Amino acid sequence: MISKQEAKRRIEKLRKEIEEHNHNYYVLNSPVVSDFEFDLLLNELQTLEKAYPEFGTEDSPTQKVGSDISREFRQYEHLYPMLSLGNTYSEEELREFNTRIEKTSGTPVEYVCELKFDGASISITYRNGSLFRALTRGDGTRGDDVTRNIMTIKSIPRQITEKRVPGEFIVRGEILMPRAVFNRLNSERVSEGLQPFANPRNAASGTLKLLDPEIVAARDLDCMFYFLLSEELPAETHFENMMKVSSWGFMVPDSIRLCRNTDEVIQYISEWESKRNDLPFDIDGVVVKVNSLELQRRLGFTAKSPRWAISYKYKAEQALTKLLSVSFQVGRTGTVTPVANLEPVLLAGTTVKRASLHNADQIELLDLHLGDMVYVEKGGEIIPKIVGVDHSVRSDENKKIEFISHCPECGTLLVRNEGEANHYCPNYLHCPPQLKGRIEHFISRKAMNIEGLGEETVDLLFSKNLIRNYSDLYDLTVQDLIPLERLGDKSASNIIRSIKSSVEVPYSRVLYALGIRHVGETVAKTIASRFRSVDELMKADEESLISVNEIGPRIASSIISFFSDEDNIKIINRLKSYGVQFSGEDISAAETDILRDLTIVISGVFSKHSREEYKTLIERHGGRNSSSISGSTSFILAGENMGPAKKEKAEKLGIKMVSEEEFLKTIGED
Ligand code: IVH
């Protein structure tokens, strides 16, 4: 038994910790513990609050649901609150649910079964057939206005063509990121040195909360609809209403099914338990709803959820296996990530050999020992995670896993900054994976876009001592490359040509390419529009950096430390001498109708503005940007090195090609 004083301290500590996890999960979309660990903490708090009611408070995290509300968006009230659903994991409880409902109805009840999509919920209001406003769930009563972002999702109609729709109606659904898109996005993030998203759900809700709708558009989100609300509903059953919603152009998945009784409901659940791995999206269960709206009204709601619906949750698949060893990997930015090597085990259709351990805290939390039997779980993450340890089978000889103190690649003493979860290797200048990683980042598509040079070639060049940092790339010659394995004459000249033409890449992308810690694509753009040249940026102090929207002390200090390093300055001076762009031009905010009704395809490399900036310019002047050439393309904004396939197609269709200069003149920017 603990003392009252200890209980009070523990309660306070747990509340703080849980609030932090809630923030990580709902606001930052980057949970650091698994749901299982989170539930353990919440359980402990609940037990303590029950035992010591004198320490209970109204604002304890045990008394409220987490909220996704963020400051950047305007909030609006939900016309109908967004409630949650009661959960069950058992067939027995499902039958009890049916018994309760039949008590009210007095007759057998029809149900609608739907998949429970694991994404971010959205509520979209339509007025007179047009998309009016989209709100996130928020705290259930008020949500964030993410209309601009929702407008970029192709499968959500902006306008309903069907005439007979209610004057005002609300459709609710789940915003999803298909697993394939999620995998692609995460590998891009990793190659850019960004933290990957934990799962498609976090990626979807993180994307919804982005401030730049263009980035949202590029992420290929989808939306599945499951609820219609209106004062003038077209039908008296949920199923018929959903069929209407589908006919109005919304995605209502074919998996929706009308079930005449509980047996059919259970049949549906077991059918999808095995089929769910074949879906392009993640689901975490099935939602069972009373079909008749009249009966729904009679059943009503509890404070948190409707009495006429329940969700049957599938248990996350787990496997028990042995922890063989822990490896420590050093990433491009020097972050050290522990990875568990496991005895191979079958889990949800694939063999698992490795599991993520996140960071030192996670190892500590699990109290991990070598040779432990560990539970691995797949929650849609890139690699599975360890969610628990079977302590009953631990032998005394099993050594506790200690986080390493020195870099496994270069032997430097690792650093962990106050308030940060990760350890990193500070040997920025000489640690090989960091050196290679920075070069790989520099040449990547969204940075300098140097084609033909992949990870393998960089490895070769590095091991042959031909490059040590990215400025060395510009000294390479065809003769340097030819002797390398697998590189022919032609590929060598292509690589050199691509390196040479990369000096045209606009300033904001060059800033991004430098690989300054915490300076991603968006931050680089912001910096480039505020500090018009690298010389200006180098002179900036913390105060002037922080005065820029989106730049906080963490980014500011990283920029300052980058430019206070003499070697970096030398590298930048060398890049300057090769002609790399270190200053940029302003895109004016003028808006006109010059490009009205024109569909424009952007292709090639540009010198005056980045591709993204050209997209913005096209929109500002009333045009539409499209990614593929077709009969309806008005003209192609053609830069250098336009792809041969695109060129051929354009010529075949007789589509005009407009140069960068010509284009800028047209819109009056020159
Ligand atoms: S119906 C009042 N149907 O699950 C009932 N919800 O825990 C409203 N969800 O916030 C929900 N798939 O984001 C419903 N087919 C489905 C669903 C679904 C996923 C989510 C939704 C909601 C949460 C409830």
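That block above? That's the structure.
Quick look at the structure, then. (Residues numbered from 1 in each chain as written. Predicted model: local features only at pLDDT ≥ 70, side-chain atom pairs only at ≥ 80, totals over all residues. Heavy atoms only, no water.)

We now examine the sheet that holds strand β18 (residues 599–603). With parallel pairing, the four strands of this open sheet are ordered in space as β19-β18-β20-β21. Among the strands making up the open sheet, the edge pair consists of β19 (624–626) and β21 (656–659). Recorded for the sheet is a direction-independent mean angle of 35° between the axes of neighbouring strands. In terms of strand pairing, β18 meets β19 through three bridges, oriented parallel. Within β19, the position partnered with T599 by the bridge is R624. Sheet strands touched by helix α22 (residues 611–620): β18, β19 and β20 (635–638). Its angle to β18, the strand with the most contacts, is close to 170°. (Pairing = 2+ DSSP bridges. Helix = DSSP H or I, 4+ residues; strand = E, 2+ residues; numbered from the N terminus. Axes fitted to C-alpha atoms, helices over the stretch in contact; angles between N-to-C directions. Contact = heavy atoms within 4.5 Å.)

Another aspect to go through is the packing of aromatic side chains. Scanning the model with the defined rule gives 19 aromatic pairs in all. Residues F227 and W308 carry aromatic rings whose centres are separated by 6.0 Å and whose planes lie at 55° to one another, so their mutual orientation is tilted. On the criterion of sequence distance, the pair formed by F227 in strand β8 (residues 222–229) and W308 in the loop between α10 (293–299) and β11 (309–313) is long-range, its members being 81 residues apart. Between the aromatic rings of F442 and Y474, the centroid separation amounts to 6.4 Å while the plane-to-plane angle is 85°, which identifies the pairing as edge-to-face. Linking F442 in helix α12 (residues 432–443) with Y474 in the loop between α13 (455–463) and α14 (478–481), this pair joins segments that are 32 residues apart in sequence. An aromatic cluster is present here, built from Y126, F169, F225, W248 and F250 joined pairwise through their rings. When the ring centre of W272 is taken as origin, the NZ or CZ atom of K275, which lies over that ring, is 4.3 Å away. Lying over the aromatic face of F531, R530 brings its terminal NZ or CZ to 4.6 Å of the ring centre. (Phe/Tyr/Trp six-rings, centres within 6.5 Å; stacked < 30°, edge-to-face > 60°. Lys NZ or Arg CZ within 6 Å of the ring centre and 35° of its normal.)

So, about the pattern of salt bridges. The final tally for this structure, using the stated rule, is 33 salt bridges. In this structure, K8 and E12 form a salt bridge, with 3.7 Å as the shortest nitrogen-oxygen distance. Here K8 pairs with E12, and both are found in helix α1 (residues 4–27), just four residues apart, close to one helical turn. One salt bridge in this structure joins R184 and D220, with 3.3 Å as the shortest N-O distance. Here the residue R184 occupies a position in helix α5 (residues 179–191), and D220 occupies one in the loop between α7 (213–217) and β8, the gap between them amounting to 36 residues. Residue classification places D220 among the partly exposed residues on the basis of a relative accessible area of 30%. (Salt bridge = Lys/Arg side-chain N within 4 Å of Asp/Glu carboxyl O. Buried < 20%, exposed > 50% of the residue type's maximum accessible area, 1.4 Å probe, protein only.)

This paragraph deals with unusual backbone geometry. We note that N128 has phi near 45°; this positive angle belongs to a residue other than glycine. Summarising the element assignment, N128 is placed in the loop between β4 (120–127) and β5 (130–136). Take N128: its relative accessible area is 68%, and that puts it in the exposed class. The phi torsion at N465 lies on the positive side, around 65°, for a residue other than glycine. As for its placement among the helices and strands, N465 is situated in the loop between α13 and α14. Of the residues examined, N465 reaches a relative accessible area of 53% and is grouped as exposed.

Turning to the site of the ligand, a few remarks are in order. Taken together, L85, E114, L115, K116, F117, S121, R137, E174, Y226, V287, K289 and P306 form the complete shell of residues around the ligand. The side chain of K116 places a nitrogen or oxygen atom 3.2 Å from an oxygen atom of the ligand. Note that a nitrogen atom of the ligand is positioned 3.0 Å from one of the side-chain N or O atoms of K289. In the complex, the protein chains occlude 91% of the 520 Å² of accessible area that the ligand would expose alone. Breaking the shell around the ligand down by element, the ones donating at least two residues are β3 (111–117) and β10 (283–290). Ranked by the residues each element gives to the shell around the ligand, the list is headed by β3, at four residues. Considered class by class, the residues forming the shell around the ligand number six nonpolar, one polar and five charged. (Near = heavy atom within 4 Å. Polar contact = N/O pair within 3.5 Å; in protein donor to acceptor, adjacent residues only side chain to side chain. Areas by Shrake-Rupley, 256 points an atom, 1.4 Å probe, with all protein chains shown as cover. Nonpolar A, V, L, I, M, F, W, Y, C, P; charged D, E, K, R; others polar.)

Moving on, we get to the pairing of β11. Along β11, five of the five residues are buried, which leaves the element largely enclosed by surrounding structure. Burial of the side chains of β11 extends over both faces: A309, S311 and K313 are buried on one face and I310 and Y312 on the other. Summarising the sheet, β10 and β11 pair through five bridges and their orientation is antiparallel. Along β11, the bridge assignment pairs V288 with I310.

Turning next to the sheet that holds strand β7 (residues 168–176). Taken in spatial order, the four strands make up an open sheet running β5-β4-β7-β8, and their pairing is antiparallel. The open sheet has two edge strands, β5 and β8, and neither has a second partner. The average undirected angle you get between the axes of adjacent strands in this sheet is 30°. Examined bridge by bridge, β7 and β8 share seven bridges and lie antiparallel to one another.

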